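The chain contents come next:
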Amino acid sequence: MKALQLTHTEYAGIFGRLALLLRSGIPLGDGLRLLGEEEKDESLAAALTGMADRLDTGEYLSDAMDKAECFTAADTGMIRAAEAAGNMEQALASLGSYHERQERLRGVIRRSLTYPAVLGIVMLAVLVLLVTEVLPVFDGVYRSLGGSISGPAAGLLAFGNALGVILPYIGIVLAAVVAAAAVIALIPRASDAVRSAFRRRFGDRGILRKMNNARMAQALAAALSSGLPAEEALLLAEGLMSDCPGALQRCRDCREMLLSGQDLTDALEKAELFSPADCRMLSVGQRTGNLEEVTDHLALRMAEDAENALEERILQIEPTLILLTSILVGILLLTVMLPLIDIMNAIG
């Protein structure tokens, strides 16, 4: 069977509903079969029904997930740990919450990239329109009055005339770029390859570093809730960072420090995965036996902090683009209007 490509929303729906069904006393096999009957996607419905059949023959849920080939290694590892620890309901609920947060974070990133891009394109279109269409009108006015555009405006006019000649070709190139971007967006493997290439080069800087720490914290919280020790939880978190060398190395450094006997909070702080204040809170949770609860709380707060930082950056981009465009348009109009005013005064 061909491996399915599921979204975080679909993962969250599966794990969250399974947790609710299990809490209601419905066995996992019957719950999976019920989800398969409700699922509109035939491929996913078949995968869920096949998992239910395997559970009816005595297989574990983790083995059924492996054979279904539509769940991540991290998800399967957490379920396998939960089977050993006997806290399946909590693990399913934690995985559902984890994927919900990941989908929300992706939505924030998607909106953050879309809005500034559209605004920038509109501003650029305004400037191109002024240079290619408005300036020639002013040039005609100058010529009718026996003068000509000079200075910076003359250079802009020459640039606008040249731009007007090559503009159709630029349009063709832009159309090809847009078409290529649409094709990449529609092909999961292509979009994943582009995203991975970007994350390998820029994926652990600034706000993206905060997002990586939030993802790692969410994975760590879900894994600890599933009964995994911290070392194995970090090993699963490494799988989520495989396309970001910087974040992956920090996870590995933290796990190596744990294996060498260092305390979890010290290792997390030295690897720069948690802030010193967060590590102090983790230390308190560790001493009081509430490590899983504190980790989950910190993971949620880190995700919110990353989202807020991203939204603040967007709020900075919008006025910057508007101010820059206004200044350029103002300079353009002044270079044209001031000589025209002198000519009108001379005629008057």
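Computed from a prediction, not measured in an experiment: that's the story for all the values here.

*Asks:* Provide a residue-level description of the overall build of the chain, including the pertinent values.
*Replies:* A count of helical and extended segments in the chain gives 14 helices and 0 strands. Listing every helix and strand of the chain by position from the N terminus yields α-α-α-α-α-α-α-α-α-α-α-α-α-α. The buried share of the chain, taken over its 348 residues, is 40%. In the chain, once contacts between residues fewer than 6 apart in sequence are set aside, the share between residues at least 24 apart is 60%.

*Asks:* Describe the packing of aromatic side chains, naming the residues involved and giving the relevant values.
*Replies:* The geometry of two aromatic rings is summed up by the distance between their centres and the angle between their planes. Inspection of the entire model under this criterion finds 3 aromatic pairs. With 5.7 Å between their ring centres and 50° between their planes, phenylalanine 15 and phenylalanine 71 make a pair best called tilted. With phenylalanine 15 in helix 1 (residues 8-23) and phenylalanine 71 in the loop between helix 4 (61-68) and helix 5 (73-85), the pair connects residues that are 56 residues apart, well separated along the chain. Each member of the pair, phenylalanine 15 together with phenylalanine 71, is buried. The rings of Tyr11, Phe15 and Phe71 are connected pair by pair, giving a single aromatic cluster.

*Asks:* I'd like a rundown of the packing of helix 2 (residues 28-38) against helix 3 (residues 42-56), residues and numbers included.
*Replies:* Helix-helix packing: each pair is described by the crossing angle between the helix axes and the interaxial distance. Helix 3 packs onto helix 2 with a crossing angle of 160° between their chain directions and a minimal axis gap of 8 Å. Taken together, the axis directions place helix 2 and helix 3 in an arrangement best described as roughly antiparallel. The way helix 2 lies across helix 3 gives a crossing that is left-handed. Taken together, the residues of helix 3 that come into contact with helix 2 (itself represented by Leu28, Gly29, Leu32, Arg33, Leu35 and Gly36) are Ala45, Leu48, Thr49, Met51, Ala52, Asp53, Leu55 and Asp56. Among the residues making up the contact of helix 2 with helix 3, the classes are represented as 8 nonpolar, 3 polar and 3 charged.

*Asks:* So what's going on with the pattern of salt bridges? Residues and values would help.
*Replies:* All told, the structure shown has 8 salt bridges when counted by the stated rule. Notably, a salt bridge pairs arginine 17 with glutamate 38, separated by 3.5 Å at the nearest N-O pair. Taken together, the residues span a long stretch of sequence, with arginine 17 in helix 1 and glutamate 38 in helix 2 at a distance of 21 residues. Residue classification places arginine 17 among the partly exposed residues on the basis of a relative accessible area of 30%.

*Asks:* Summarise the nonpolar core; cite the residues concerned and give the values.
*Replies:* The nonpolar side chains of a soluble globular protein tend to be buried with one another. Of all hydrophobic cores here, the largest spans 70 residues; its most connected members are Met51, Leu61, Phe71, Leu92, Met216, Leu268 and Phe274. Residue contributions to this core peak at 9 residues, all from helix 9 (residues 206-225). With residues near it in sequence (within four places) discarded, phenylalanine 274 still touches Met216, Ala217, Leu220, Leu268, Glu269, Cys279, Leu282, Leu298 and Met302.

*Asks:* Tell me about the side chain of aspartate 75, and name the residues and values.
*Replies:* With respect to the helices, strands and loops of the structure, aspartate 75 is situated in helix 5. A polar side-chain atom of aspartate 75 sits 3.0 Å from a polar atom in the side chain of threonine 72. Of note is the side chain of aspartate 75, whose polar atom sits 3.0 Å from the side chain of histidine 99. When sequence neighbours within four positions are dropped, the list of residues in contact with aspartate 75 reads Tyr11, Phe15, Met65, Leu95 and His99.

*Asks:* Quick rundown of helix 13 (residues 276-288)? Include the residues and the values.
*Replies:* With 13 residues, helix 13 should reach 18 Å at 1.5 Å per residue; the first-to-last C-alpha distance of 19 Å fits that figure. Asp278, Cys279, Leu282, Ser283 and Gly285 are the residues of helix 13 that are buried. Projected onto a plane normal to the axis of helix 13, the buried residues spread over an arc of 165° and lie on a single side. Exposed and facing more than 90 degrees away from the buried side of helix 13 are Arg280, Arg287 and Thr288. Following helix 13 by one or two positions, glycine 289 adopts a phi angle in the positive range, close to 80°.

*Asks:* If you had to explain helix 1 to someone new, which residues and values would you point to?
*Replies:* Between its first and last C-alpha, helix 1 extends 22 Å over 16 residues, near the 22 Å set by a 1.5 Å rise per residue. Turning to helix 1, its buried residues are His8, Tyr11, Ala12, Ile14, Phe15, Leu18, Ala19 and Leu21. Remark: glycine 25 follows helix 1 within two positions and exhibits a positive phi of approximately 95°.

*Asks:* How would you summarise a nonpolar patch on the surface if you had to cite specific residues and measurements?
*Replies:* A surface patch of nonpolar side chains, amounting to about 670 Å² of accessible area, comprises Val165, Ile166, Leu167, Tyr169, Ile170, Ile172 and Leu174. Here valine 165 lies in helix 7 (residues 152-186).

*Asks:* I'd like a description of the environment of glycine 77, backed by residues and values.
*Replies:* Its place among the elements puts glycine 77 in helix 5. A relative accessible area of 18% means that glycine 77 is categorised as buried. Sequence separation between glycine 77 and leucine 236 is 159 residues; the distance between their C-alpha atoms is 7.4 Å. Contacts of glycine 77, omitting those with residues within four sequence positions, involve Leu228 and Leu236.

What counts and how
Residues numbered from 1 in each chain as written. Predicted model: local features only at pLDDT ≥ 70, side-chain atom pairs only at ≥ 80, totals over all residues. Heavy atoms only, no water. Helix = DSSP H or I, 4+ residues; strand = E, 2+ residues; numbered from the N terminus. Buried < 20%, exposed > 50% of the residue type's maximum accessible area, 1.4 Å probe, protein only. Contact = heavy atoms within 4.5 Å. Phe/Tyr/Trp six-rings, centres within 6.5 Å; stacked < 30°, edge-to-face > 60°. Axes fitted to C-alpha atoms, helices over the stretch in contact; angles between N-to-C directions. Parallel < 35°, antiparallel > 145°, perpendicular 65-115°, else oblique. Left-handed = near helix turned anticlockwise from the far one by under 90°. Nonpolar A, V, L, I, M, F, W, Y, C, P; charged D, E, K, R; others polar. Salt bridge = Lys/Arg side-chain N within 4 Å of Asp/Glu carboxyl O. Core = buried A, V, L, I, M, F, W, Y, C linked by side-chain atoms within 4.5 Å. Polar contact = N/O pair within 3.5 Å; in protein donor to acceptor, adjacent residues only side chain to side chain. Expected span 1.5 Å × (residues − 1). Arc of directions from axis to C-beta. Patch = residues over 30% accessible without salt bridge, like charges linked within 9 Å, V, L, I, M, F, W, Y side chains within 5 Å. Areas by Shrake-Rupley, 256 points an atom, 1.4 Å probe, with all protein chains shown as cover.

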